[in-house]
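Residues per chain are reported as follows:
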Amino acid sequence: MLFVSALTYRHVESITKSSDMVAHSYKVTLEIEQLYTNIKDLEIERRNFLLTQNKKLPSQIGFSKVIIKHNIENIKQLTTDNPRQKYLIKKIEELSFEKFKIVDNAVANYKELSRNNIKENLLQGKQIMDRISKLINEMLSTEKKLLVVRDDKNDRLTDSTPTLIYITLFTTMAIISLAFVKINRDLEETRLNNELLALNNESNNLAEQVGEYGTWFLNLETNEYTFSENEYRLLGVEPNSFKASLEEFLKYIHPEDLEYVQQIAAEMVKQDKLIPFTYRVIRADGQLRHLRGNGKTVTNKSGEKVLIGTTSDVTDEVVANKAIEERNRELEANNKELQAFNYVASHDLQEPLRKIQTFISRLIDKEMNSISESGQQYLQKIQDSSERMRLLIDDLLQFSRTNKSEKATELTCLNELLENSKLELTQIIEEKNAVITSETLPKLNVIPFQIQQLFTNLINNSLKYSKENDPPVIDIKVSEIRAADEPEIPMDDLTKFYKIVFSDNGIGFDPQYSKKIFVLFNRLHNKDEYSGTGIGLAICKKIVDNHYGFIFAKGEPNVGATFSIYLPIQE
């Protein structure tokens, strides 16, 4: 009797332990899935921040990081008896910290990030996410295999129980012991299930509050609604403060949007998918908020059709879009003002200037001998100043017209544009006995007249700042490079560029001015030494920017200058 009782107890203990191991596998699986969900949420929040710069998202991102760390610690504790799982969660933890760095970099430096920086940040995040997904899948697969083994063991133990019960029926002690163990096992299973349910509910509620969204369910068979707690909070009321129904929800809709929402509600029961739509609500505290609804119809295990929907607070997004629209209107107004300035510069300013130059020319031709020597000097200075003003107006017009939107790109032979520039500068090239050599330039999608202006300005710059007694020598070379191979380009990817280098043997310049020479009106020499307005290289910079490229300058006094142009290759 004692032996049977001991055997029965041992068997019940095995069943309990086996059940615990099965529950343990489910708990580990749940924790792994929750970790993966939180990491994906962090990725979504990072992308939303890069796109919208929502000021609330950094705090949400920080909260997500805390939850992810908590998930990792829980999994570590649950997998202490499994070396393989311990190794995998360690690798996931390392990748998660790498992902934190990428996210923190995006949040901290988003104002300084270019489009390519954002693209690179998103690509890095995706690569790490793919690696994490692979590790997560391996952990889930490992745990699934353990679960199959443990389920099989548990089934075998359970299958042997009737035989044991039949034996133990001969003794009251065995019956009492078996009843006690069974009750204990049921209580344990109930406790575990309650813990899992509470954990899921808590996670879902927390995620909704952090993400500022709520969920709702519509049973299409019974027409009954179910609202999550945060669905109520979006309306500014306490959870479950009214019975979930469309009629109660419509009470908070802005009067101007009420008919629109009613129409959507009538159509959604006929569709398998609810197209996202935005509307306004007046919360219980009087605040006006913008909400966005979305949903999809599914069939549950009971065969009932259920419409599962989400409601998101997109007020910040709507406000941001309105600010962008207002900014666009301001830019449009500024563009119109600039066009007006172009007209004034083209007509109203040039016309009186031409008259001034005409009358000065007549004075010099007909009255020069009757004017005193000092008067002649003054007249010459007036003529020089008017010529400088004409050049300045022409250059300003050229700079203001260098706008990418004025003309679309087209596939163009850059050699032809270079020859046109040389033809345009034929007179000064011959006067200075300049020698221009160039390699064969490629065909590229460009704005032809702008690239020709770029070549003209660079060649003219080399001719202007040539040495007094040495004929100018200008050498033009071209090569195909990748961004990652050029330290000057602020990109570290496989984007391809054509690198076109203009080098000369002129007077050069101090290296400290390599960036300043591209600034509008910036001159390195006195206007009496060299003519010009300080706009030519600024035009070059603007043209290269219009083509999403880069331009850099290097110089050495009395040795020469080198200008490197990088134009992207569109594959």
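Below is a summary of the structure that appears in this document. (Residues numbered from 1 in each chain as written. Predicted model: local features only at pLDDT ≥ 70, side-chain atom pairs only at ≥ 80, totals over all residues. Heavy atoms only, no water.)

1. Considering the packing of aromatic side chains
Stage number 1. In total, this model carries 13 aromatic pairs according to the counting rule given.
Stage number 2. Ring geometry for F497 versus F550: centroids 5.9 Å apart, planes at 55°, classification tilted. Of this pair, F497 sits in strand β10 (residues 496-504) while F550 sits in strand β11 (residues 550-556), and the two are 53 residues apart along the sequence.
Stage number 3. Classification of F497 as buried rests on a relative accessible area of 2%.
Stage number 4. In textbook terms, an aromatic cluster arises when at least three aromatic residues are bridged by ring pairs, as seen for Y225, F227, Y232, F242, F249 and Y252.
Stage number 5. Across the ring face of F100, the terminal group of K65 is positioned such that the distance to the ring centre comes to 5.5 Å. (Phe/Tyr/Trp six-rings, centres within 6.5 Å; stacked < 30°, edge-to-face > 60°. Helix = DSSP H or I, 4+ residues; strand = E, 2+ residues; numbered from the N terminus. Buried < 20%, exposed > 50% of the residue type's maximum accessible area, 1.4 Å probe, protein only. Lys NZ or Arg CZ within 6 Å of the ring centre and 35° of its normal.)

2. Observations regarding the side chain of S96
Stage number 1. With respect to the secondary-structure elements, S96 resides in helix α3 (residues 83-108).
Stage number 2. With a relative accessible area of 3%, S96 lands in the buried category.
Stage number 3. When neighbours within four sequence positions are excluded, S96 is seen to be in contact with I39, I68, I72 and I132. (Contact = heavy atoms within 4.5 Å.)

3. Examining the sheet that holds strand β9 (residues 473-482)
Stage number 1. Strand order in the open sheet formed by five strands is β7-β9-β10-β12-β11, and the pairing between neighbours is mixed. Pairing within the sheet leaves two strands with one partner each, and these edge strands are β7 (435-438) and β11. For this sheet, the mean inter-axis angle between neighbouring strands, taken without regard to orientation, is 15°.
Stage number 2. Note that β11 and strand β12 (residues 560-568) share seven bridges and pair antiparallel. Residue pairing in the sheet places I551 in a bridge with I565 of β12.
Stage number 3. Sitting on the sheet, helix α13 (residues 448-464) touches β7, β9, β10 and β12, and the angle it makes with β12 is about 170°. (Pairing = 2+ DSSP bridges. Axes fitted to C-alpha atoms, helices over the stretch in contact; angles between N-to-C directions.)

4. Some details on the environment of N121
Stage number 1. If you trace the backbone, N121 turns up in helix α4 (residues 115-168).
Stage number 2. What makes N121 buried here is its relative accessible area of 3%.
Stage number 3. The spacing of N121 and N105 is 16 residues in sequence and 8.6 Å in space, taken between C-alpha atoms.
Stage number 4. If we ignore the near neighbours within four places in the chain, the residues touching N121 are R46, L50, I102, N105 and A106.

5. Re the sheet that holds strand β5 (residues 305-313)
Stage number 1. Within the open sheet, the five strands sit side by side as β2-β1-β5-β4-β3. Their pairing is antiparallel. Every other strand in the sheet has two partners, leaving β2 (224-227) and β3 (273-282) as the edge strands with one partner each. In this sheet, adjacent strand axes meet at a mean angle of 20° when their direction is disregarded.
Stage number 2. Relative to the sheet, helix α8 (residues 255-268) contacts β1 (213-219), β2, β3 and β5, its axis offset from that of β3 by approximately 155°.

6. Comments concerning the pattern of salt bridges
Stage number 1. Within the structure shown, the criterion is met by 22 salt bridges.
Stage number 2. As a salt-bridge pair, K65 and D104 come within 2.9 Å of each other at their nearest N and O atoms. In this pair, K65 sits in helix α2 (residues 57-78) while D104 sits in helix α3, placing the two residues 39 residues apart along the sequence.
Stage number 3. The class of D104 is partly exposed, set by a relative accessible area of 33%.
Stage number 4. The closest approach of N and O atoms between K499 and E486, which form a salt bridge, is 3.5 Å. One end of the pair, K499, is in strand β10; the other, E486, is in the loop between β9 and β10, and 13 residues separate them in sequence.
Stage number 5. Residues joined by salt bridges that share partners form a network here, namely E73, K76, K90 and E93. (Salt bridge = Lys/Arg side-chain N within 4 Å of Asp/Glu carboxyl O.)

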